Amino acid sequence: EHSLSCAVNGRVFYDGCGEFSAVRRELEAGYPEDVRLKKMAARAVLMAQSGQYNYSRCLRRGEYGAAAMALHEFVSAGLSMIFLLNRRYMPYYKWSFRAARELPVLREAAGELERLLTGGAAVPGDAAGVYEPGNTEPGDRNGVRGSVEKEAEDTEENILFHNESFFFITLSLITSSRMSGQSSC
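Remember, it's a predicted structure, so these values are computed and weren't measured experimentally.

A. Examining the overall build of the protein more closely. A tally of regular secondary structure across the protein gives 7 helices and 0 strands. Its helices and strands taken in sequence order, the protein reads α-α-α-α-α-α-α from the N to the C terminus. Looking at the protein alone, contacts between residues at least 24 apart form 56% of all its contacts between residues at least 6 apart.

Written out as structure tokens, the structure is:
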């Protein structure tokens, strides 16, 4: 998907015969609707599996490395969902949060996903405080945030909240598309 994002973003400095620009215009239309809806459904399933199910199970069993991987899967799928809902291709991972914060739909969810991944740290553009790299909270100069148990509880609650939100948004979009005859997912 990030290759498609590269193809439709940035400047074209030379396209003598116009072939690349013609292909680029087609790609700018985004995924065909049936493909987009199937990708959204797949992201919702991955979010449910990694966030609602595996993350909390890993924490309860003391598998913190596996829990971190489940959290990463959840956040990656959530970011992908945001781009799909905006009918945009998700860029390479190192630009995905910045690009998601510039989208018209669910830009605030990108900040919430980033906070999940960073353990509650302020993120750029966060209304709660000033972003300072290395801080775990706005104004927290020492990087102290409380006990590991409390942080795990907060993260699990946030995952469940976001996972349910994305899941219901996806279901309503698929349902509304099917009812209007736009797709046969």
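Next comes the rest of the account.
B. Structural view of a nonpolar patch on the surface. Together, Y92, Y93 and W95 line one region of the surface with nonpolar side chains, adding up to about 370 Å² of accessible area. Along the chain, the position of Y92 falls in the loop between α4 (64-85) and α5 (93-100). Since its relative accessible area comes to 33%, Y92 is described here as partly exposed.

C. Spatial organisation of the packing of α4 against α5. Between α4 and α5, whose axes approach to 11 Å, the crossing angle comes to 50°. Comparing their axes, α5 and α4 come out oblique. Handedness of the α4/α5 crossing: left-handed. Within the contact between the two elements, α4 uses V75, L79 and F83 and α5 uses S96, F97, A99 and A100. When the residues that make up the contact of α4 with α5 are grouped by side-chain class, the tally is 6 nonpolar, 1 polar and no charged.

D. Layout of the pattern of salt bridges. Enumeration according to the criterion identifies 6 salt bridges in this entry. Its salt-bridge partner being R87, residue E33 comes within 2.7 Å of it at the nearest N-O pair. Of this pair, E33 sits in helix α3 (residues 33-60) while R87 sits in the loop between α4 and α5, placing them 54 residues apart in sequence. By relative accessible area, E33 is classed as buried at 17%. Judged by its relative accessible area of 49%, R87 is partly exposed. Residue E112 pairs with R115 through a salt bridge whose shortest N-O separation is 2.7 Å. A residue pair is termed a helical-turn pair when its members lie 3 or 4 positions apart in one helix, as E112 and R115 do in helix α6 (residues 107-118) at 3 residues.

E. Layout of the nonpolar core. Of all hydrophobic cores here, the largest spans 31 residues; its most connected members are V75, L79, I82 and L113. Of all the secondary-structure elements, those providing two or more residues to this core are α3, α4, α5 and α6. Residue contributions to this core peak at 12 residues, all from α4. What V75 contacts, discounting residues up to four positions off in sequence, is F97, L113, L116 and L117.

F. Structural detail: the packing of aromatic side chains. As enumerated under the stated definition, the model contains 3 aromatic pairs in all. Ring centres of Y92 and Y93 lie 4.8 Å apart, and the angle between their planes is 45°; this geometry places the pair in the tilted category. Since its relative accessible area comes to 60%, Y93 is described here as exposed. With 5.9 Å between their ring centres and 55° between their planes, Y92 and W95 make a pair best called tilted.

G. Representation of unusual backbone geometry in the model. Of note, R87 is a non-glycine position whose phi angle comes to about 60°, a positive value. Look at L106: it is not a glycine, yet its phi comes out positive at around 65°. Residue position: L106 is located in the loop between α5 and α6.

H. The environment of I82, seen in detail. Within the element layout of this structure, I82 appears in helix α4. The spacing of I82 and A110 is 28 residues in sequence and 7.7 Å in space, taken between C-alpha atoms.

The rules behind each value
- Residues numbered from 1 in each chain as written.
- Predicted model: local features only at pLDDT ≥ 70, side-chain atom pairs only at ≥ 80, totals over all residues.
- Heavy atoms only, no water.
- Helix = DSSP H or I, 4+ residues; strand = E, 2+ residues; numbered from the N terminus.
- Contact = heavy atoms within 4.5 Å.
- Patch = residues over 30% accessible without salt bridge, like charges linked within 9 Å, V, L, I, M, F, W, Y side chains within 5 Å.
- Areas by Shrake-Rupley, 256 points an atom, 1.4 Å probe, with all protein chains shown as cover.
- Salt bridge = Lys/Arg side-chain N within 4 Å of Asp/Glu carboxyl O.
- Buried < 20%, exposed > 50% of the residue type's maximum accessible area, 1.4 Å probe, protein only.
- Axes fitted to C-alpha atoms, helices over the stretch in contact; angles between N-to-C directions.
- Parallel < 35°, antiparallel > 145°, perpendicular 65-115°, else oblique.
- Left-handed = near helix turned anticlockwise from the far one by under 90°.
- Nonpolar A, V, L, I, M, F, W, Y, C, P; charged D, E, K, R; others polar.
- Core = buried A, V, L, I, M, F, W, Y, C linked by side-chain atoms within 4.5 Å.
- Phe/Tyr/Trp six-rings, centres within 6.5 Å; stacked < 30°, edge-to-face > 60°.

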